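Here are the chains, one letter per residue:
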Amino acid sequence: MKYMNAKDILPDLLVKELQDYIQGGYLYIPASENQHRCWGEVSGYKEELRQRNNEIVEAYNDGSSIECLAEKYCLSISGIRKVIYRK
């Protein structure tokens, strides 16, 4: 997230109103509900994990051991089990 100076983007009256509540601090303004995205949607990471997890399940079904998969994907054995048995 990039910080911006309120004076650069907000009207002077609004800046003066905000200064009654906070001065020299940081103010987080959340996105409105209709613009909110779920975790990983913007970066694409959620899809990457879905594809990785599908690869893990396929490899397990093709005979790879849980220990081998844990080493290959740098996950714990319990992490691999969670991926395999979630479906």
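To start, this report covers the structure provided alongside it. The structure displayed is predicted, hence computed values, not measured ones. (Residues numbered from 1 in each chain as written. Predicted model: local features only at pLDDT ≥ 70, side-chain atom pairs only at ≥ 80, totals over all residues. Heavy atoms only, no water.)

## Digging into the nonpolar core
Defined as follows: Only buried residues count toward a nonpolar core. Its members are Ala, Val, Leu, Ile, Met, Phe, Trp, Tyr and Cys residues joined through side-chain atoms within 4.5 Å. The buried label goes to any residue with under 20% of its type's maximum accessible area, the exposed label to any with over 50%, and the partly exposed label to all in between, with areas taken from a 1.4 Å probe on protein chains only. Whether two residues are in contact is decided by their heavy atoms, any of which lying within 4.5 Å being enough.
Membership of the largest hydrophobic core is limited to 10 residues, which are Ile56, Val57, Ala59, Ile66, Leu69, Ala70, Tyr73, Ile80, Val83 and Ile84. Residues within four places of isoleucine 84 in sequence aside, it is in contact with Ile56, Val57, Tyr60, Ile66 and Leu69.

## Description of the pattern of salt bridges
Quick reminder of the rule: Salt-bridge detection follows one rule: a side-chain nitrogen of Lys or Arg within 4 Å of a carboxyl oxygen of Asp or Glu. Put simply, DSSP H or I for four residues or longer makes a helix, DSSP E for two residues or longer makes a strand, and each gets a number counted from the N terminus.
Applying the stated criterion to the full structure yields one salt bridge. Across the pair arginine 50 and glutamate 47 runs a salt bridge whose closest N-O atoms are separated by 2.5 Å. On the criterion of helical spacing, the pair formed by arginine 50 and glutamate 47 is a turn pair, its members being three residues apart in helix α3 (residues 45–61). When its relative accessible area of 42% is taken as the criterion, arginine 50 is described as partly exposed. On the basis of relative accessible area, glutamate 47 is assigned to the partly exposed category, the value being 35%.

## Points about the packing of helix α4 (residues 66–73) against helix α5 (residues 77–85)
Using the following cut-off: Under this scheme, a helix contributes an axis fitted over its contacting stretch, all axes are lines through C-alpha atoms, and angles between N-to-C directions fall in the 0 to 180 degree range. Roughly parallel refers to an angle under 35 degrees, roughly antiparallel to one over 145, roughly perpendicular to one between 65 and 115, and oblique to any angle outside these ranges. Residues were grouped as follows: Ala, Val, Leu, Ile, Met, Phe, Trp, Tyr, Cys and Pro as nonpolar; Asp, Glu, Lys and Arg as charged; and all remaining residues, including Gly, as polar.
Interaxial distance between α4 and α5 falls to 9 Å at its minimum, and their mutual angle equals 105 degrees. Here α5 runs roughly perpendicular to α4, going by the angle between their axes. Touching Ile66, Glu67, Leu69 and Ala70 of α4 are Ile77, Ile80, Arg81, Ile84 and Tyr85, all from α5. Split by residue class, the contact of α4 with α5 holds seven nonpolar, no polar and two charged.

## Describing the packing of aromatic side chains
Spelled out, the test is: In this analysis, rings of Phe, Tyr and Trp, with Trp reduced to its six-membered ring, are considered paired at centre separations within 6.5 Å, and the interplanar angle assigns stacked below 30 degrees, edge-to-face beyond 60, and tilted for intermediate values.
Counted by the stated rule, this structure contains one aromatic pair. Taking 4.7 Å as the distance between ring centres and 45 degrees as the angle between the ring planes, the aromatic pair formed by tyrosine 3 and tyrosine 26 counts as tilted. Note that tyrosine 3 is positioned in the segment before α1 (6–9) and tyrosine 26 in the loop between α2 (12–19) and α3, a separation of 23 residues in sequence. Tyrosine 26 carries the same exposure label as tyrosine 3, and that label is exposed.

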